[in-house]
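Spelled out from the first residue to the last, the chains are:
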Amino acid sequence: MVGLPPLQGIKVLEFAGLAPGPFAGLLLSDSGASVLRIDRPASSPSSLPTPDLLTRRKRSIAVDLKSPSGIDLAKSLAAKADILIDPFRPGVLEKLGLGPSVLCSLNPRLIYARLTGFRRDGKWANMAGHDINYLAVSGSLSLLGRKGASPTPPINILGDFAGGGATLFQGILLALLSREKTGKGQVVEANMVDGASYLATFPRFALHTMTGSSPRGENLLDSGCPYYDCYETRDGKWMAVGALEPQFFKDLIRGLGLEGQGWEQKRYDKDNWGEFRGLLERKFKEKTREEWEGVFQGTDACCTPVLEYGEMEQDKEKKEGDQRPMVTLRETPLLGVVVKAKQGDAVTHGQGEGVKGEGYRGIPLAPGDGGEEALGEWLGWKKGREFDVAGGGLVVKDKAKL
């Protein structure tokens, strides 16, 4: 019998944003926290909230933060929350009277978590930017790309999600641990520049070693090495090769039928890398990806198919495409994603009934979805008694004000 999710009972107030902030909220909700998103009232098409699909198990209320009553409502929620997520550029919530100096005085146990793209104290602090810009000034983007090509941004995984949302999540967990000792919350600040730079610690160190001292695209792990790269197969799909160690390289050579040609001895010589790459390119095009899977399945050749999410969604069992929690807690598993997972799979697959989309399709959360229920759970409030709807948003009635 498994226990409750690790963050069961934790209340999270998330101001609506896009990508990294909502991802931090998603990590919290998947861990069992109650996440309530504050949206803008949709009084006109131009005021509709930014589309957000990272809404698993979250609920929403629409609040006009330009009105005193809307501010009162936000303060009432912050006074009861454990965590607040601020996804805005520096100073936005402070101008509304909802900065950390105000809310942390109302609720000394509040963990006020705020996330920016650029450093708050850096030269780009007041400029707009996106994932590619944060990676650029962090230095990490300069490491990504093939020889002779421009730096290649990795969609927005490294900045928004790994360096941003996931890093903020770690900071929140550290603050929760600290609160257990001190009884006090604190401000947690993350930014995608420092987050991405920290994630690049090893390749930064490697720049001063033989592993990574060559120009971009000419090193061991950045597509420079022919036995650490991807190769097209006869059917236009791809195989990934990562046979770095000698014993793994031998298995690769054996599977490719290239034994007896001396490549085991020549593989360290960069002067031979171009010839070997051409050989691998021709060899992999002799078979389909499925045929190569059959060759290398069960071996230590470090040669695997490059699976695409479309095929994984269609064949979750064979392709191991069922999305599971990011980490397994044996006693208090996180919440599951797959609908109707077997009871005995709760530890590895997550507990609970799962969600629509099963990790492949995000379900939009409209302003107000589940919000009244959340206010009842958080504060014991009821519509018409402690709050009402005005101008498309919720407002606090006089007797419920702080």
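See above for the structure.
Computed from a prediction, not measured in an experiment: that's the story for all the values here.

The rules we used
- Residues numbered from 1 in each chain as written.
- Predicted model: local features only at pLDDT ≥ 70, side-chain atom pairs only at ≥ 80, totals over all residues.
- Heavy atoms only, no water.
- Pairing = 2+ DSSP bridges.
- Helix = DSSP H or I, 4+ residues; strand = E, 2+ residues; numbered from the N terminus.
- Axes fitted to C-alpha atoms, helices over the stretch in contact; angles between N-to-C directions.
- Contact = heavy atoms within 4.5 Å.
- Buried < 20%, exposed > 50% of the residue type's maximum accessible area, 1.4 Å probe, protein only.

Student: What's the story with the sheet that holds strand β5 (residues 111–116) in this structure? I'm lost.
Tutor: With parallel pairing, six strands are arranged side by side in an open sheet as β3-β2-β1-β4-β5-β6. A strand with exactly one partner marks an edge of an open sheet, and here the two such strands are β3 (59–62) and β6 (187–191). Across the sheet, the axes of successive neighbouring strands diverge by a mean angle of 20°, strand direction being ignored. When strand β1 (residues 11–15) meets strand β4 (residues 83–86), the two strands line up parallel, connected through three bridges. The residue bridging Glu14 from the neighbouring strand is Ile85, located in β4. Relative to β4, helix α1 (residues 20–30) is tilted by about 155°, and along the sheet it contacts β1, β2 (34–39), β4 and β5.

Student: Could you clarify how one ought to interpret the sheet that holds strand β9 (residues 303–305) in this entry?
Tutor: Adjacent strands of a sheet pair through backbone hydrogen bonds, lying either parallel or antiparallel. Read across the sheet, three strands follow the order β7-β8-β9 without closing on themselves; strand pairing throughout is antiparallel. A strand with exactly one partner marks an edge of an open sheet, and here the two such strands are β7 (228–232) and β9. On average, each strand axis in the sheet is tilted by 25° relative to the strand beside it, whichever way the strands run. Examined bridge by bridge, strand β8 (residues 238–242) and β9 share three bridges and lie antiparallel to one another. Bridging from a neighbouring strand, Met239 pairs with Pro305 of β9. Sheet contacts for helix α11 (residues 273–284): β7, β8 and β9; angle to β7, the most-contacted strand, approximately 40°.

Student: Is there a simple way to explain the environment of Lys340 in this structure?
Tutor: As for its placement among the helices and strands, Lys340 is situated in the loop between α13 (309–314) and α14 (346–349). Residue Lys340 is classed as exposed on the basis of its relative accessible area, which comes to 75%. Along the chain, Lys340 and Gly260 lie 80 residues apart, while their C-alpha atoms are 52 Å from each other.

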